[in-house]
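Descriptive analysis of the structure
The lines below spell out each chain.
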Amino acid sequence: MGAAGGGAVDVGAAGGEVRALRRQIREWRRGRADTRLVDALSDAYIAVFATVMLGSMAVNVVRHARMAATSVCVTEACSNARSVLPWVFAGGVVTVTLVIARTFGPLLVSPAEAAWLLSAPVDRASLLRPRLAFAAALAVGAGVLLGALLFTLGGFAAAPVAGFTAALAAACLAAVAFAVLGQAHGPRMGRVATWASGAAVWAGLLLLATDVLSARLSPAQQLRPVMTLPVVALWLLAAGLCVRAVAALPRLHRDRLTPGGSLLPSLSGALAGLDLALMYDIVLSSRWRARATVRPVRGGPGGAWALVWRDLVRLRRSAGPLVLLTASLVVPYVAATLGLGVAVPAVAALTAFVSGLGLCSGLRVLARTPGLIRCLPMSATAVRSAGLVVPGAVLLGWGFACAPAIHRAMPPVSWAESLAVGAAVGLGAVAAVARWVTAAPPDYSRPLVSSPAGAIPTTLIGSVARGLDVLLLVTAPLLLARPGPGALASVVLAGIVLAVLLGRTQGRSQNRA
Amino acid sequence: MPPADRAAPLLRVRGLRRRYGDVDVFTDLSFDLSAGRALALVGPNGSGKSTALRCITGVERPTSGTVELAGTPVDERSPQIRRDLAVVLDDLDFFPDLSVVEHLDLFARAHRVQDADELVDAVLADVGLMPQAAQLPGTLSSGQGRRLALASAFVRPRRLLVLDEPEQRLDRNGLDWLAGRLNAEKAQGLGVLLASHDATLVERVADDVLDLGGAG
């Protein structure tokens, strides 16, 4: 490989070297492949057949869902909200694309590639260009799929669906290209764009909840095909950002490429085990490792209250989870506007559960690290309870704050009953969060059950549903009984679940081989 | 919980046995450890040193046998036992969002240590982590992480210190510091129980040595 020797790298020649390297690696891989041609053809046939079959099933499901939504959603408020909601969700898709892109890079190299290829005197841009193309294709594909899904379910005609889908695909592509620029120029611009995009989605939800947006836009305006010019402008913007991203490739530092490459295999492993809590740990750990240092905060009370104090310090240090939870308060109000009625408390509890997980990082570490609990001079129950004080108080407050939405959505109920349902929602979310955070990882020593995807341990199935099971249990009385007694039953059930989860004795390893 | 026997040694282990399936990791492990003394468990890999420490500290349940700390049966769920027993095994992990000094501050305050700030600063200086005080654990080297784990045992009250291969990942200066620190612990009247592969550390610290080499 030529360009060594301390001189400037000859980009043209180095680009050729990268291609040669890639070709060589491909030849090695092919040389070691032990798949016969007939096996490859058989695999390809199964892949094409599965894609066509599952794709046609998915299209059928979407068509039926659209027809069902059209027949159920007959009020003006509902149809207005239905045609506005896809816009908000489309904004959400762009935000999530940006978040995922920034979490992984979006450009990344595996630790082995970082060691062997990035340290070689080859042109980095040539090395990274195919990865940028892959990330861009992935973003466009996701934008097309989700755009078609959202706007079809929104009840739009074929032409607007095509226009909006093209716009969403361009927006996703622009988000990925912007994230690459963030990799080159520092995380600040990506962070600002993510927050701005999230704030725009939240503002859309707020307008939807207050029924302002749908009142200003008549259905005819909403259903008008998207103008060609804005779509073209969006694609031009995306193309411009892609060009700038390509130009920035040679300036990308190795330390901006390797974290995503280390994170992805870890997350793949956790996902293969369906261990979502482990994925949470990995992402959290990666994020804080990137931050490296903090301004230490010392002091505070003694005993178990020291843990509570640390959770308050965490909230101050990283306000993101609290901001997210507060912003998510708009969801039950949107559900009330959509006329979901008695389902609003269930929607609220699910929202609080999902958005509240970020508050429980301290409890999560305590739950998975018996060694840490052994360092503390109180019972495991006291430690876990202390770890749940701050998240519990915030979630309970969240539950009370969604009482007006419940009051508006449910059949005539008194304010006292609405507040009781709000308390049940908050406590239900606390119990679900505690279940998710403190659950043991899947136990692979348990009996296996046969499935189309192969043999899987029984606990693996439960690990996906953890938290949701408690949510279903606690919110069932709210859906089935009158608000007053239903809320009481929910509170009692949540209390029992919490007592069981927090009161469990520390698990001891009995079977180390 | 039975009352503590005041005349008992600090740690009394009698007839301890751990069996995995058909394999005995160790059998009939018995010893006493008095306050102000150190006992080292030695032996090759797989001889059961770490398992013995896990059984003695209650992390793992022995197949048979008894363990008493100052006359009180060891139950790691008991807050009183946790107050008296400072344990550093290989399973200690840290909060990813708390800095080095915040971890030590948390442990000291959870144990209601008087003058926690002074003690934490002294221990930080002692383990050589003062420059890393504001660093998050994920950014520490393996040796620094080991020092933090050891420091977590020194910022809290304790009667018995249990360490599993404390020499791991420490450099030569770190080993010198560790030997001095453990001897200081003994001089303060605390008991030290350690499993180690480092003959020099064992020689410098241990008053008694128990070889598990033939047990496994």
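Residues numbered from 1 in each chain as written. Chains lettered and ligands numbered in written order. Predicted model: local features only at pLDDT ≥ 70, side-chain atom pairs only at ≥ 80, totals over all residues.

**Things to note about the interface of chain A and chain B**
With 42 residues of chain A at the interface, the matching set in chain B holds 36 residues. Listing elements by their share of the side of chain A that touches chain B, those giving two or more residues are α12 (276-291), α13 (305-317), α17 (361-368) and α18 (370-374) of chain A. Broken down by class, the residue content of the side of chain A that touches chain B amounts to 17 nonpolar, 15 polar and ten charged. (Contact = placed C-beta atoms within 7 Å. Helix = DSSP H or I, 4+ residues; strand = E, 2+ residues; numbered from the N terminus. Nonpolar A, V, L, I, M, F, W, Y, C, P; charged D, E, K, R; others polar.)

**Considering the environment of L173 of chain A**
Residue and element names in this part refer to chain A. In this fold, L173 is placed in helix α6 (residues 158-185). Here the alpha-carbon distance between L173 and A238, two residues 65 residues apart in the chain, equals 6.0 Å. Contact partners of L173, with chain neighbours within four places excluded, come to A136, A139, V140, G143, A238 and C242.

**Section: the sheet that holds strand β8 (residues 191-195) of chain B**
Residue and element names in this part refer to chain B. In spatial order, the strands read β6-β7-β8-β3-β9; together these five strands make up an open sheet with parallel pairing. Because the sheet does not close on itself, it has two edges, and the strands there are β6 (85-88) and β9 (208-211). The sheet shows a mean angle of 15° between the axes of neighbouring strands, taken without regard to direction. In terms of strand pairing, strand β3 (residues 38-42) meets β8 through four bridges, oriented parallel. Looking across to β8, one finds that L39 is bridged to L193. Lying on the sheet, helix α1 (residues 49-56) is in contact with β3, β7 (160-164) and β8; it crosses β7 at an angle near 150°. Helix-sheet contacts for helix α6 (residues 172-187) involve β3, β7 and β8, and the interaxial angle to β8 is about 145°. (Pairing = 2+ DSSP bridges. Axes fitted to C-alpha atoms, helices over the stretch in contact; angles between N-to-C directions.)

**Digging into the pairing of strand β1 (residues 11-20) of chain B**
On any regular strand, side chains alternate: one points to one face of the sheet, the next to the other face. Residue and element names in this part refer to chain B. Alignment of β1 against strand β2 (residues 23-33), held across seven bridges, turns out to be antiparallel. Bridged to L16 within β2 is L29. Taking the residues between adjacent antiparallel strands as the criterion, β1 and β2 are bridged by two residues, where G21 takes a positive phi near 60°. Where β1 lies against strand β4 (residues 64-69), five bridges are found, and the strand directions are antiparallel. By the bridge assignment for β4, R17 is matched with S64.

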